[in-house]
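Overview (structure and organization)
The primary structure of each chain is shown beneath.
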Amino acid sequence: MKGFAMLGINKVGWIEKDYQKAGSYDAIVRPLAVSPCTSDIHTVFEGAIGDRHDMILGHEAVGVVVEVGSEVKEFKPGDRVVVPAITPDWRSLEVQAGFHQHSNGMLAGWKFSNFKDGVFAEYFHVNDADMNLALLPDEISLESAVMITDMMTTGFHGAENAEIQMGSSVAVIGIGAVGLMSIAGAKLNGAGRIIGVGSRPVCVEAAKFYGANDIVNYRDGDIVKQIMDLTKGKGVDRVIMAGGGIETLAQAVEMVKPGGVVSNVNYHGTGDILPVPRLAWGCGMAHKKIVGGLCPGGRLRMEMLIDMVKYNRVDLSKLVTHVFDGFENIEQALLLMKDKPKDLIKPVVIIER
Ligand code: NDP
Ligand code: ZN
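Right, let's talk about the pairing of strand S10 (residues 194-197) for a bit. Here S10 shows no split at all, with Ile 194 and Gly 196 on one side and Ile 195 and Val 197 on the other all buried. Bridge analysis of strand S9 (residues 170-173) against S10 gives 4 bridges, and the strand direction is parallel. Residue pairing for S10: Ile 173 is matched across the bridge by Val 197. Crossover handedness for the path S9 to helix H5 (residues 177-188) to S10: right-handed. Bridge count between S10 and strand S11 (residues 214-216): 3 bridges; the pairing is parallel. What sits directly across from Ile 195, in S11, is Asp 214.

Another point: the sheet that holds strand S2 (residues 11-16). Strand order in this open sheet of 3 strands is S2-S1-S4, and the pairing throughout is antiparallel. The outermost strands of the open sheet, each flanked by one partner alone, are S2 and strand S4 (55-56). The pairing of strand S1 (residues 2-8) with S2 spans 6 bridges and is classified as antiparallel. Directly across from Lys 2, in S2, lies its bridge partner Glu 16.

Pairing is parallel in the open sheet, where 6 strands are placed in the order S11-S10-S9-S12-S13-S14. Edge strands, defined here as strands with exactly one partner in the open sheet, are S11 and strand S14 (289-292). Ignoring strand direction, the axes of neighbouring strands in this sheet form an average angle of 20°. Strand direction decides the pairing type here: strand S13 (residues 256-264) and S14, joined by 4 bridges, are parallel.

Now for the site of ligand 1. Around ligand 1, the structure places 30 residues, and the nearest of them are Thr 38, Ser 199, Arg 200, Tyr 218 and Asn 266. Here an oxygen atom of ligand 1 sits 3.3 Å away from a polar atom, N or O, in the main chain of Gly 176. Calculation on ligand 1 without its partners gives an accessible area of 940 Å², and the protein chains cover 88% of this total. Of all the elements in the fold, those that place two or more residues in the shell around ligand 1 are helix H1 (38-45), helix H4 (142-161) and H5. In terms of residue class, the shell around ligand 1 is built from 13 nonpolar, 12 polar and 5 charged.

With that settled, consider the coordination of the zinc ion (ligand 2). Think of it this way: four donors in a tetrahedron around the metal ideally sit 109.5 degrees apart, and six in an octahedron ideally sit 90 or 180 degrees apart. At the metal site, the zinc ion (ligand 2) is ligated by Cys 37 (SG), His 59 (NE2) and Asp 150 (OD), and these contacts range over 1.8 to 2.3 Å. Of note, the zinc ion (ligand 2) draws all its donor residues from one chain, in the sequence arrangement C-x21-H-x90-D. Placement of the pair is Cys 37 in the loop between strand S3 (27-34) and H1 and Asp 150 in helix H4, with a sequence separation of 113 residues. One exposure class covers both Cys 37 and Asp 150, and it is buried.

Bringing the pattern of salt bridges into the picture now. When the charged atoms of two side chains lie near each other, side chains of opposite charge can form a pair. Tallied over the entire structure, the rule returns 14 salt bridges. Lys 76 is the partner of Asp 79 in a salt bridge, and the nearest nitrogen-oxygen pair spans 2.8 Å. Residue Asp 79 is classed as buried on the basis of its relative accessible area, which comes to 10%. Here Glu 303 ties to Arg 299 by a salt bridge, and the two come within 2.8 Å at their closest N and O atoms. Taken as a pair, Glu 303 and Arg 299 lie in helix H9 (residues 298-310) at a separation of 4 residues, close to a single helical turn. Here Glu 303 falls in the partly exposed class, since its relative accessible area comes to 31%. One network of salt bridges, with partners in common, ties together Glu 74, Arg 299 and Glu 303.

Turning next to H9. Under the 1.5 Å per step criterion, the end-to-end length of H9 is 18 Å for 13 residues, consistent within 8% with the ideal 18 Å. Regarding H9, the residues found buried are Gly 298, Arg 299, Arg 301, Met 302, Leu 305, Ile 306 and Val 309. Seen from one end, H9 has its buried residues packed into an arc of 160°, which puts them on one side. Facing away from the buried surface of H9 by more than 90 degrees, the exposed residues are Leu 300 and Met 304. Buried residues belonging to H9 abut strand S6 (80-83), helix H3 (129-132), strand S8 (134-135) and H4.

Rules and cut-offs
Residues numbered from 1 in each chain as written. Chains lettered and ligands numbered in written order. Predicted model: local features only at pLDDT ≥ 70, side-chain atom pairs only at ≥ 80, totals over all residues. Heavy atoms only, no water. Buried < 20%, exposed > 50% of the residue type's maximum accessible area, 1.4 Å probe, protein only. Helix = DSSP H or I, 4+ residues; strand = E, 2+ residues; numbered from the N terminus. Pairing = 2+ DSSP bridges. Right-handed = clockwise from strand over helix to strand, strands pointing away. Axes fitted to C-alpha atoms, helices over the stretch in contact; angles between N-to-C directions. Near = heavy atom within 4 Å. Polar contact = N/O pair within 3.5 Å; in protein donor to acceptor, adjacent residues only side chain to side chain. Areas by Shrake-Rupley, 256 points an atom, 1.4 Å probe, with all protein chains shown as cover. Nonpolar A, V, L, I, M, F, W, Y, C, P; charged D, E, K, R; others polar. Donors = N, O, S within 2.8 Å, 3.2 Å for Na, K, Ca; no water. Salt bridge = Lys/Arg side-chain N within 4 Å of Asp/Glu carboxyl O. Expected span 1.5 Å × (residues − 1). Arc of directions from axis to C-beta. Contact = heavy atoms within 4.5 Å.

Structure below.
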């Protein structure tokens, strides 16, 4: 089969490869729609998790099941499915500890386009299909469904980990698709004032749509100062980090109030150390909590998010600014994600309707 792969750091291209055979609990899926992720960009062009050779990229897909193993009970060939970016090994101690994202090793629930061939292929393999797939309802478009697999679960996780209370003020640093979903998640969790940080007009408009009351442009100067000015020197209760470089952690710690939470979902692709400012962290005694998380995956998470889309709690269509028809456009879509033109939030490649 054909797949679009990372050939090495900074190198991508089309390759021919056999797909991994389905074990008794697994499935083989043919993609109907896929989307490139900013994480693919960190992985390939920054070498953020080290070198990879001929590894097929992509971890955001909806598809149709073409084959299932003998022990798969809930899915059959022909089923249209939402495939989470994170497909854990559900029989692992980390799952028992409550962190499926790290099943059998840190970040190891993230398999596609991390250490296993991803979804930018004619077929791909899904481990533990009963636990990792979810049926796609007819009411949800392919474009929106593919946004559930990663953008929605990640952005919402940023809001979940921020422990937002009714009325909490929340700053969201980065308003790409992930940050936009953090804004939507913060609003659904009862946030009071929401401040988004970004610059691209298309993202600013979407941030307001999803619930941002104010926008701070990091290109206009220090975002800590801007947010302090907006909050009359008080800062915010919660910060969600969904973009920017390693300097944003220090900024988040500066702008969050004592007792507040800094919740990171950004993939920090460069730099060895993420510095925390000593004084702003109360010399270590400010009760400012810092947490970072990989998005939840698996079937239950997908089914719950699918319901939120199906029952109109959130409209994902605003995330998709570019739609391509045809498998061969995966390359163009990935490069668009690298270049981030002004009018882009997310591209989706439709392979088959
Ligand atoms: P985008 O590149 O689309 O968005 C990044 C945002 O950060 C943009 O709004 C951008 O502004 C803003 N930004 C850039 N530089 C700064 C800065 N110096 N200060 C403040 N804001 C800045 O990314 P995505 O939304 O697609 O993804 C966000 C991150 O989440 C990525 O690192 C991605 O890899 C990661 N991710 C993490 C996952 C997880 O499980 N934790 C899963 C999926 C993705 P501008 O408007 O100027 O572009
Ligand atoms: Zn991703």
